[in-house]
Structures are given as C-alpha cells and as structure tokens.
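# Inside the fold
Listed below are the residues making up each chain.
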Amino acid sequence: MLTVQDVWAGYGPSTVLQGVSLTLEPGTVVALVGANGAGKSTVLKTLSGLLRPQRGRIAVDGRELTGRPPADWVRAGVAHVPEGRQVFANLTVADNLLLGAFSALARLGPRQRQERVEEVLAIFPDLGPKLGVLAGSLSGGQQQMLAIGRGLMSQPRYLLLDEPSLGLAPQVTETIFAVIGRLRDRGVGILLVEQNGRLALAVADRAHLLEKGVITVSGTGAELLANQTVVERYLGVGSPLDDGPRPQALAERLRRALGR
Amino acid sequence: MELVGLSLSTGAIYALVGLGMAVIYQATGVFNFAQGQLVTVLAYVGLSLLRAHWPFFAAAGLDLVFAQGAGMALWVLVRPFRTRPPLVTSMATLSLYLVLRDLVVPIWGADPLVLPAPWAHGEWRLGGMALSSAQGVAILVAALVAAGMAAFFRRTRMGIALRAVRDHPQAASLMGVDADRLGFVVFGAATVIGAVAGLVLAPMTVVAPTMMDEPTLGAFAALVLGGIDTPWGVLLGAMGLGGLETVAGYYLASIWKEAVPLLAVLAVVVIRAGGLLGGEEVPRA
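Here the structure is a predicted model, which is why all the values come from computation and not from measurement. (Residues numbered from 1 in each chain as written. Chains lettered and ligands numbered in written order. Predicted model: local features only at pLDDT ≥ 70, side-chain atom pairs only at ≥ 80, totals over all residues. Heavy atoms only, no water.)

### Thoughts on the overall build of chain A
In terms of helices and strands, chain A carries 11 helices and 10 strands. Relative to its length of 260 residues, chain A is compact, with a C-alpha radius of gyration of 18 Å against a globular reference of 18 Å. Going through the 260 residues of chain A one by one, you find that 55% of them count as buried. Put simply, of all contacts in chain A between residues at least 6 apart along the chain, 68% involve residues at least 24 apart. (Helix = DSSP H or I, 4+ residues; strand = E, 2+ residues; numbered from the N terminus. Rg over C-alpha atoms; globule rule 2.2 N^0.38 Å. Buried < 20%, exposed > 50% of the residue type's maximum accessible area, 1.4 Å probe, protein only. Contact = heavy atoms within 4.5 Å.)

### Regarding helix 2 (residues 35–51) of chain B
Residue and element names in this part refer to chain B. With 17 residues, helix 2 extends 24 Å between its outermost C-alpha atoms, agreeing within 8% with the 24 Å of an ideal straight helix rising 1.5 Å per residue. With 15 of 17 residues buried, helix 2 lies mostly within the body of the structure. Positive phi appears at His-53, one or two residues downstream of helix 2, with a value of about 70°. (Expected span 1.5 Å × (residues − 1).)

### Let's talk about the sheet that holds strand 4 (residues 55–60) of chain A
Consider a sheet: its strands pair through backbone hydrogen bonds, and that pairing is either parallel or antiparallel. Residue and element names in this part refer to chain A. Here we have four strands laid out as an open sheet, ordered 2-1-4-5, and antiparallel in their pairing. Both outer strands of the open sheet, strand 2 (14–24) and strand 5 (63–64), are each paired with one neighbouring strand and no more. Relative to strand 5, strand 4 is paired through two bridges, and the arrangement is antiparallel. Within the sheet, the bridge partner assigned to Val-60 lies in strand 5 and is Arg-63. (Pairing = 2+ DSSP bridges.)

### Details of the packing of aromatic side chains
Applying the stated criterion to the full structure yields 10 aromatic pairs over all chains. Taking 5.2 Å as the distance between ring centres and 70° as the angle between the ring planes, the aromatic pair formed by Phe31(B) and Phe220(B) counts as edge-to-face. One end of the pair, Phe31(B), is in the loop between helix 1 (2–28) and helix 2; the other, Phe220(B), is in helix 9 (residues 213–226), with 189 residues separating them in the sequence. Judged by relative accessible area, which is 31%, Phe220(B) ranks as partly exposed. An aromatic cluster of three or more residues is present, and its members are Tyr25(B), Phe31(B), Phe33(B) and Phe220(B). Arg55(A) extends its terminal NZ or CZ atom over the ring of Trp8(A), reaching a point 4.7 Å from the ring centre. The ring centre of Phe102(A) lies 4.6 Å from the NZ or CZ of Arg157(B), which sits over that ring. (Phe/Tyr/Trp six-rings, centres within 6.5 Å; stacked < 30°, edge-to-face > 60°. Lys NZ or Arg CZ within 6 Å of the ring centre and 35° of its normal.)

### Quick look at the confidence of the model for chain B
All names here are of chain B. Overall, the predicted model of chain B reaches an average pLDDT of 89, with 97% of residues at or above 70. Segment residues 281–285: pLDDT under 50, and eight contacts once partners within four positions in sequence are set aside and those in other chains are kept. Complex prediction metrics read pTM 0.85 and ipTM 0.86. (pLDDT = per-residue confidence, 0-100.)

### Topic: the pairing of strand 9 (residues 206–211) of chain A
All names here are of chain A. Both strand 3 (residues 29–33) and strand 9 contribute to a ladder of four bridges, which runs parallel. Across the sheet, the residue bridging to Leu-32 is His-208, located in strand 9. Inspection of the sheet shows strand 9 paired to strand 10 (residues 214–219) by five bridges, in the antiparallel sense. By the bridge assignment for strand 10, Glu-211 is matched with Val-214.

Encoded structure:
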C-alpha cells in the first residue's frame, strides 16, 4: 500500500499542498480530480521523489521514502508517467523503453530485457512496428502509449498517471483507459490525475476532489459523480469544464467495458 | 600526396581535442574550452613519468589513470555552474584553460620538450602516400576514439541514459537516472580522451605550455563544421578543416592559412546550422 500522510509541499517559498492524505492499494484505481492549479501534479511529484515535501510522510509498502531521490522510488515499485508524456524525442522507441527499466538494467540480461519489452508490446501492440523509430516522430497517442509503456518497464506495483488523455482522440483515450483497467486487474495500484473528470470518476474505485491543495471531497468514483458539490464546482453543466455529451457516452462505454 | 597525410594528421589533432569537448557537451551541455589545456598538462605528466624512467606504456597507463581522477575533480568544480547559461560555463572553462596554462610554466618551464614515444621515428608508406608513423598513429587513434564514442552513446546503458538526460532531464530522473553521478563518468572519460590526445599529439610536435592554443581553436571550428552532436560529425569536421588548412597553407600566403578555413566553416554553417552531420535538435517540450 502507498500511504500519504498529511503532506505539505510546494515550490520555493510557496506552499501548494496543505495537508494531503490518501492511500493507494494494489489492484485499485484512485482518481484525483480538480481544477487546473489545484495541486494534482504536485501530489504526483511528491510520490516519485521529484519534489521533497515540506511536511508529512509517504510510505511505500511500509517503507518510508519521504525526501528520497527518484531512483529510490522507482526501485520501490512506483512509476510516474509525467504530464505531457516527456518521451525522449531524440531516442528510438526501443531505447525509450529500455530506459524505463534503467534502475534494473545492470542486473537484467539481454533476454530479460527483451521479455520486458515484449510484455509492454503485448499491452501496446501499436508500438511494435515503431521500435526503431525516433520517439519524437510518433503521434500524440503513440507517445502517450510509449510514456506509459516506459513506466511499465520497471514493473511497478504503483503507477502514477498524470493527464493520460490530454490532447488525445477519443478512440485513443479509450485504448489507454482499457489498459488502465487491465493493469488494475493484474494488481497494479493506479493513481490517476485527469482533467477529464467524468472519465476518471467513471473508472475509479476511489476518488478525491482536490481544491487549492486540500482534499475537500472523498468517496467512490460513483459517489463523486453524484455529489452535488463536485458537480457544481467541477463538473457543472454549462461551466467551461463541462465535458459535453461525447465524452459522457465514452465514459458510459468504458464503465460497462470495465464492469463498473 | 604529402598533402593528404598532412591534412589527415592535422585533422586528427582537431578530432582528438574536439571529441573530448563533444563528450562533455553532449552529456552536460557545458562547452569545455579547458579540454585543450588538459591535453597539455596530461602530456607533461606523461613526460615526467618517462623522465623518471618508467617504461613508455606503463607511463601512458598511469597518465590515463591520473586523467580519470583529474576529470572527476573537474566535474566537482564545474557542477555548480551546470545549470547556468552557456555564456557563464564557457567563461568558466575558458578561465580554467588560462589558469592551467599559467600553472604549467613554474612546474615544467616554458621551453619546448620532446616526448619520446616508441613510434616517434618511422615512416609508413601506403600506395604513393608517405606518412610519418607519428602522423599515422594519430589518424588511427582519432578514428578509433570516434568509433568508441559513437558506440558508447548508441549502445551502452550509460550512453543512452546521457542522451535521455539531454532530451528531458526530469523524465530521465524519473527513470532513476542520476545525472550528477553520470557527470563523473563523462568528465572522467573526456579527460582520458584528453590524455590519449596528449600522448599521441606530442610526438608530432613538442610539449610546450602553449602547444594547444591553436589546436583548441581548430577543434572548436571542427565541432562547428561537422556537428557537435555526433562523433562521426566531429571526425569529419576535423578532417575537413585539416584539409582546408593544408591546402590553404600550400597555395596561399601563410597569413591566410588560418583565416581561410575558418571563413569556409562559417560559410557551411550558414547553409547547415547544425554542421555537416549534426541534426537540428528537437526542441524540448
């Protein structure tokens, strides 16, 4: 279990997170929704060692990792797929994948490396024919698949996904969310940060609404979808954050596909 | 035909200095002007060991070990400037060049000295081309170092990780790549290349405090000409520049020998901003 206890964090003198607590269990999807600037990405950064919390504790499977460098978090089984994909544009797809297993590469033989690559290709078959291509030349959807695939190369027990559907066509979003469901079924714990709130809540086992660095509403995904505050402040009809009818239909299909 | 040998061996000098600079630039984005002067210092260290009656290859080996240590120490010095603008880091390494040059004189004196390599006297004949063996060794070693570097950045775990850091430092750290620690590897490797350069170049000329002043400028121009982001580009640029210089020196008055090649480099860069083999860098997101 990944446990976050009363974490305060920020950049320089400013404090973004003001006492965030949550837990992520293996085999579950936890969604973190909220407006831009609420601190969703900041939560993920403290969970992968990119950002040192000012206060609070974070433990992975009982081991406290607060303030440790990113390499320690990867080794502990946490993979962070950052916002904006951040694939290595000048490297081939194959090299991008290999780097995902960087912390383990020294002890992996060529066969084991190959096995891990093949596991990722089984999840994202679209990447297969692209292994020798520079990652920068992939489409946005393929780059997102590569970013997630690269994260999976470390065989994480906890996967942190930052805006995986951002800027993607609906059918690609569907593929990505189907993969999220499959990974959950295999026992991976997934912390999902999404601007597409309805979609995230539709697939989440648990969900939290983050407002100005504080979790204001928690519950199951369905509970948050039905919650008056969440709908009004964040999913409200007619607000700029309204997802529109199309993603709602998509969310409905996904919910059925995932057996929710 | 002597012109070919002279072109290639002049190019080899630029390549060996330039490749050391390119390793560091590729990995850290720091432009290390001090590389040239490190070559000089390491040639002096090798020379001192020889004068203490060490057998040549033992002295050379110890010189390389010393270089590795010096490179790691250099990273400790340069590291605080790493995130500064290139203007600041260039200034820092240029200052280091001058400081090292001034340190050489009180230790080894200002007079030129001879480094007696086993291959210093001899001649190679290839077809109609005659080369001194010192020139031949320099050309071979330059090509080997370029090939080794290309393989390092393409094939090894660390080389690929270094390219990833250049692309996306934050994503690389999320993969568990520790850029700070790799800096030691990079600076160590670059200085070892510098030591090799010193041992290979000194037999072609002499060991002197200012021996690398002109080659440093040449290496810099070669990097611009060939493209700093590929070892083969560096080699090609160096050989091209060596050729231009040799031809200019042969047909034109000697005062043009240095100016004409540099003007030619500028002309190439106007057409291809990244150099002959250098790609356009994909901008960072």
